[in-house]
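# Structural overview for review
So you can see what is in the structure, the chains are spelled out below.
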Amino acid sequence: MNPLVRWFHRFGSPPTFYRWAGLAQPWFLAGALLLGVIALYLGLVVAPADYLQGESARILYIHVPSAWMSLFIYVFVAANAFIALVWRIRISEVLSMAAAPVGAMFTAVTLATGSLWGRPTWGTYWQWDARLTSELVLLFLYIGIIALFHAIEDRRRAARAAGLLALVGVVNLPIIHYSVQWWSTLHQGPSISLLGGSSIHSSMLWPLLLMAVATKLWFVASLARRSRLALLEADSDKAWVLEAAPSLRSAVAGA
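Residues numbered from 1 in each chain as written. Predicted model: local features only at pLDDT ≥ 70, side-chain atom pairs only at ≥ 80, totals over all residues. Heavy atoms only, no water.

### Let's talk about the pattern of salt bridges
- Evaluated as defined, the whole model comprises five salt bridges.
- Notably, a salt bridge pairs Lys-238 with Asp-235, separated by 3.8 Å at the nearest N-O pair.
- What emerges from the salt-bridge pattern is a single network uniting Arg-90, Asp-235 and Lys-238. (Salt bridge = Lys/Arg side-chain N within 4 Å of Asp/Glu carboxyl O.)

This is the structure we're talking about:
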């Protein structure tokens, strides 16, 4: 067996995953809160106002990391959906479906903050250009995945059906990323590059990067919590759940 697949099977055992996720969750949550507070202080207090957009540009410290997360989480959802469909690894089904609502939340925050920023910058809350429209399509994809998962009673069959939809939706990701280069849009081009120089000043760059790390830590903490709850619900009548969560023993006995 492939070593990676073997690791997934070993770590993907519900009791093992439940235990390790429970240990990791508070640490990731604490790191997210700490870095998030620092990033907000640097972005809202220390960093200067933008020379063109003024104070309204400060919303980008929420908007940009949320936009990054909307794409990052969708890749995570699709990757786990692929693993679940090919190798039938149950924990990947759980992770994929647990991550989708978090991704939908970040996508909604991206669209909301973008609209608030667009009103003083563009003179309108919404414009049907390529970047905004493709990001809205991403939100609809998230909603579709969540709705399809909850529409089918069999949880495993539901996860695989929703995962297939997630894989189809991957085609939208390069459209979102390259839309400002492929078409003429109101949305500004990228200011940060991992391979080349960034056009944004370091006083504004560092709060953005710190917030990007904070959102990823928060995602892991949220994912751990949601996955643990999903496993408890799915395996509520199994011995490992009754041992891991004794409070369920009485509930199962009285059912």
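### Quick notes on the nonpolar core
- Core analysis: the biggest nonpolar cluster contains 42 residues, and Ile-73, Tyr-74, Ile-91, Tyr-142, Ile-145 and Phe-219 have the highest contact counts within it.
- If you list the elements that add at least two residues to this core, you get helix H2 (14-46), helix H3 (60-87), helix H4 (90-122), helix H5 (130-151), helix H6 (155-168), helix H7 (172-182), helix H8 (202-234) and helix H9 (239-244).
- At 11 residues, H4 tops the list of elements feeding residues into this core.
- Core analysis: the next-biggest nonpolar cluster, separate from the first, contains nine residues, Leu-60, Tyr-61, Met-204 and Leu-205 among them. (Core = buried A, V, L, I, M, F, W, Y, C linked by side-chain atoms within 4.5 Å. Buried < 20%, exposed > 50% of the residue type's maximum accessible area, 1.4 Å probe, protein only. Helix = DSSP H or I, 4+ residues; strand = E, 2+ residues; numbered from the N terminus.)

### Focus on the confidence of the model for the protein
- Confidence in the prediction for the protein averages 88 pLDDT; 86% of positions are at 70 or higher.
- Predicted confidence in the protein is weakest over helix H10 (residues 247-254), with a mean pLDDT of 49, and strongest over H6, with 97. (pLDDT = per-residue confidence, 0-100.)

### Some words on the packing of aromatic side chains
- This model, assessed by the stated rule, comprises seven aromatic pairs.
- Centroid distance Tyr-74 to Tyr-142: 5.4 Å. Interplanar angle 75°. Geometry classified as edge-to-face. With Tyr-74 in helix H3 and Tyr-142 in helix H5, this residue pair connects regions lying 68 residues apart in the sequence.
- Each ring, one from Phe-76 and one from Phe-219, has its centre 5.4 Å from the other, and the planes form 85°; the classification is edge-to-face. (Phe/Tyr/Trp six-rings, centres within 6.5 Å; stacked < 30°, edge-to-face > 60°.)

### As for a nonpolar patch on the surface
- There is a patch of nonpolar side chains on the surface, built from Leu-40, Tyr-41, Leu-44, Val-45, Val-46 and Ile-62 and spanning about 530 Å² of accessible area.
- At five residues, H2 tops the list of elements feeding residues into the nonpolar patch.
- One can find Ile-62 in helix H3. (Patch = residues over 30% accessible without salt bridge, like charges linked within 9 Å, V, L, I, M, F, W, Y side chains within 5 Å. Areas by Shrake-Rupley, 256 points an atom, 1.4 Å probe, with all protein chains shown as cover.)

### Topic: H7
- If you check which residues of H7 are buried, you get Asn-172, Leu-173, Ile-176, Ser-179 and Val-180. All buried residues of H7 project into a common sector of 150° when viewed along the axis, lining one side. Away from the buried face of H7 by more than 90 degrees, exposed residues Gln-181 and Trp-182 are located.
- Next to the buried residues of H7 lie H3 and H5. (Arc of directions from axis to C-beta. Contact = heavy atoms within 4.5 Å.)

### A short note on unusual backbone geometry
- One non-glycine residue with positive phi stands out, namely Arg-88, at about 60°.
- Its relative accessible area of 48% is what places Arg-88 among the partly exposed residues.

### Topic: the packing of H4 against H5
- Closest axis-to-axis distance for the H4/H5 pair is 9 Å, and the angle between their directions is 155°. Relative to H5, the element H4 is oriented roughly antiparallel. In this structure, H4 meets H5 at a crossing whose hand is left-handed. Contact residues: Met-97, Ala-100, Pro-101, Gly-103, Ala-104, Thr-107, Ala-108, Thr-110, Leu-111 and Trp-122 in H4; Leu-132, Glu-135, Leu-136, Leu-138, Leu-139, Tyr-142, Ile-145, Ile-146 and Phe-149 in H5.
- Across the contact of H4 with H5, the residue classes tally to 15 nonpolar, three polar and one charged. (Axes fitted to C-alpha atoms, helices over the stretch in contact; angles between N-to-C directions. Parallel < 35°, antiparallel > 145°, perpendicular 65-115°, else oblique. Left-handed = near helix turned anticlockwise from the far one by under 90°. Nonpolar A, V, L, I, M, F, W, Y, C, P; charged D, E, K, R; others polar.)

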